[in-house]
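# Geometric and topological summary
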Amino acid sequence: MRLRLDGQTVAATATQTGLSAPTVSAAWKAFREGGWQAVPVRPRGRKVGQAQRLDGAAQQALCARLAEQPPAPEAAWSSEGVAEALKADGHKISPRAIDHWLEAHDLKPSPLLLEGLERHRSVTGRWYRHQAEPVLERVRRADGALWQGGVRVSQPGEALAGEPRRYQLYLHGKRGKLYSRCLAVPPRAEDYLVLFNRLLDQADGKPVVLIFRGAWFDRVQEIGGWLQEHPDFRLLPWPASS
Amino acid sequence: MTSLTHLQKLEAESIQIMREVVAETENPVMLYSVGKDSAVMLHLARKAFAPAPPPFPLLHVDTRWKFRAMYDFRDQMAKEVGMDLLVHINPEGIEKDINPFTHGSAIHTDVMKTEGLKQALDKYGFDAAFGGARRDEEKSRAKERVFSFRTAQHRWDPKNQRPELWRIYNTRKHKGESIRVFPLSNWTELDIWQYIYLQNIPIVPLYYSAERPVVERDGALIMVDDERMPLEPGEVPMMRKVRFRTLGCYPLTGAIESEADTLPDIIQEMLLTKTSERQGRVIDHDSAASMEKKKQEGYF
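Let me begin by describing the structure that accompanies this report. What you see is a predicted model, and the numbers here were worked out from it, not measured in a lab. (Residues numbered from 1 in each chain as written. Chains lettered and ligands numbered in written order. Predicted model: local features only at pLDDT ≥ 70, side-chain atom pairs only at ≥ 80, totals over all residues. Heavy atoms only, no water.)

## Brief notes about the packing of aromatic side chains
Counted under the stated rule, the structure contains 23 aromatic pairs over all chains. Ring plane angle 15° and centroid distance 5.8 Å describe the contact between W28 of chain A and F31 of chain A, whose orientation is recorded as stacked. One end of the pair is W28 of chain A and the other is F31 of chain A, both in helix α3 (residues 21-38) and 3 residues apart, which spans about a single turn. Per residue, the accessibility class of W28 of chain A equals that of F31 of chain A, and both read buried. Three or more aromatic residues joined by ring pairs form one cluster here, namely Y192, F196, F212, F217, W226 and F233 of chain A. Sitting above the plane of the Y179 of chain A ring, K177 of chain A keeps its charged end 5.8 Å from the centroid. If you follow R162 of chain B out to its NZ or CZ, it ends over the ring of F149 of chain B, 3.6 Å from the centre. (Phe/Tyr/Trp six-rings, centres within 6.5 Å; stacked < 30°, edge-to-face > 60°. Helix = DSSP H or I, 4+ residues; strand = E, 2+ residues; numbered from the N terminus. Buried < 20%, exposed > 50% of the residue type's maximum accessible area, 1.4 Å probe, protein only. Lys NZ or Arg CZ within 6 Å of the ring centre and 35° of its normal.)

## A look at the state of the cysteines
Residues and elements named next belong to chain A. Inspection of the entire model under this criterion finds 0 disulfides over all chains. No disulfide involves C63; its sulfur sits 7.7 Å from the nearest other cysteine sulfur, which is in C182. Its relative accessible area of 22% is what places C63 among the partly exposed residues. Take C182: its relative accessible area is 5%, and that puts it in the buried class. (Disulfide = S-S within 2.5 Å.)

## Concerning the pattern of salt bridges
Using the criterion set out here, one finds 33 salt bridges over all chains in the structure. The salt bridge involving R65 of chain A is made with E68 of chain A; its shortest N-O contact spans 3.2 Å. Here R64 of chain B and D97 of chain B are joined by a salt bridge, their closest N and O atoms 3.4 Å apart. Remark: D97 of chain B occurs in the loop between α4 (91-95) and α5 (104-124) and R64 of chain B occurs in the loop between β2 (58-61) and α3 (68-81); sequence separation between them is 33 residues. Taken together, the salt bridges that share partners define one network made up of R165 of chain A together with E216, R240 and E257 of chain B. (Salt bridge = Lys/Arg side-chain N within 4 Å of Asp/Glu carboxyl O.)

## Some remarks on the sheet that holds strand β1 (residues 145-153) of chain A
Residue and element names in this part refer to chain A. The strand order across the open sheet built from 5 strands is β3-β2-β1-β4-β5, with neighbouring strands paired in mixed fashion. The open sheet is flanked by β3 (178-183) and β5 (233-237), the only strands paired with a single partner. Here the average twist between neighbouring strands, direction ignored, is 20°. Against the sheet, helix α7 (residues 123-141) makes contact with β1, β4 (208-213) and β5, and its axis sits at roughly 155° relative to β5, the strand it touches most. (Pairing = 2+ DSSP bridges. Axes fitted to C-alpha atoms, helices over the stretch in contact; angles between N-to-C directions. Contact = heavy atoms within 4.5 Å.)

## Some words on α3 of chain A
Residues and elements named next belong to chain A. When the terminal C-alpha atoms of α3 are compared, their 18 Å separation across 18 residues is substantially less than the 26 Å that a helix rising 1.5 Å per residue should span. Remark: the principal bend of α3, roughly 95°, maps to R32. When α3 is considered as a whole, its buried residues turn out to be V24, A27, W28, A30 and F31. Contacts made by the buried residues of α3 are with α1 (2-5) and α2 (10-17). (Expected span 1.5 Å × (residues − 1). Bend = angle between axes of the 7 residues up to and from the residue.)

## Re the sheet that holds strand β3 (residues 85-88) of chain B
Residues and elements named next belong to chain B. The 6 strands are arranged β3-β2-β1-β4-β6-β5 in an open sheet whose pairing can be described as mixed. Among the strands making up the open sheet, the edge pair consists of β3 and β5 (147-150). Looking at each pair of strands side by side, their axes are set apart by 30° on average, direction ignored. Bridge analysis of strand β1 (residues 28-31) against β2 gives 2 bridges, and the strand direction is parallel.

Shown next as structure tokens:
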């Protein structure tokens, strides 16, 4: 409510609080009608002890699946996709349980905040105005696909000390839906190229733009060559923070 | 009577050492490696001899493999302080194109640093050289005296060091001998950072955390600083938020993952760390007691 009172949009409030947009809208409506008293405040999530825990075998199967390439044309695994694949392996795990596991293992990165970036007086703001916005505009006009993504190293918290750190190659699609692959070693050029090719395949001949954070492609000839051969695919590297 | 803080005591000790060297030797020089210790040493030298500039030149023994940001910073600082900056690169190393990738870190360090330093000291006839080494960095440095004597062949004998009782230094040299002087010997890494913070001393930006392109080599994060760094087939450098606790040749210097992008954050990180800054230096792990061997042969 405080964010809404500060003038934030429903979407921005939902992103910042981790609540869904309908929940934010409903709470805002209740607040306007009945003030603070009317806003329903309930503890989030399941009650303690009722969570569905993944046993060792299920976690192992999940990790193995996340390290593999997903079936074409998927570029990376969604929670639903990996749940489906695990079901075929005999592990019944819900997409929601997979989401929780990803979150607990620091494998659920947030989408980049592009909203309002054109007004920022920063390196990122300048990059957005001069490099990203014209490309995004062209792709939008051509009804193309807009993706965000990146590569990162997970930092499991103290509760998971001893867990291996994973290299996560991830994408955020429409409405911030997460797709990812989690590897034991840094992704290689071929991993990126499979990802790019599949995004292009999904677009049915329309242009694709991918804003990507966390990799430095300048010296990778395979990727440079592929980008030249595929002018419909625009890769926009997110500027480095200093 | 006001008592000095521990940093003021360290500062006073370092200034006394520097003045002692200038008074007792004929041709001193300050080795300038462009790192944080060099930055502090240079700052202390300027304080020790103010308002005149320090009465000795700066010497940078260049390996050609330092970070680009270090070269920029070195040139900028030399201009700012108004001291002569001597840059020496081992010509044999240039001729044979010695580099850390083809020749390995041990040969690269020996030819470009140890031999390069000895050549430079001989070429200019320096009889005393200030270095920014500290005892807390490494075990062989811990046992070295503040005034550390070298033979005419620049060799160090750790079993034959002069006592330094009550901070009285014996500066008499035999013919051909030279002295390596360590005014920061008793400082710790934390002291250095606190002093940099309190005195607002400029340092190379690589010490602050930022997103930089890195690759992993034997568990170390190595920054891809220029096009000479060979990448493995299909390897894609990652942009990771890293900083350096120590600076050397970029292919031999490991970064640490860190969010510390201000001096207070670095100090905070320092207070919690349990490892030595030199764990990031590949050259220190070449072989058992490798630093002591290098030092005996003339390395700083």
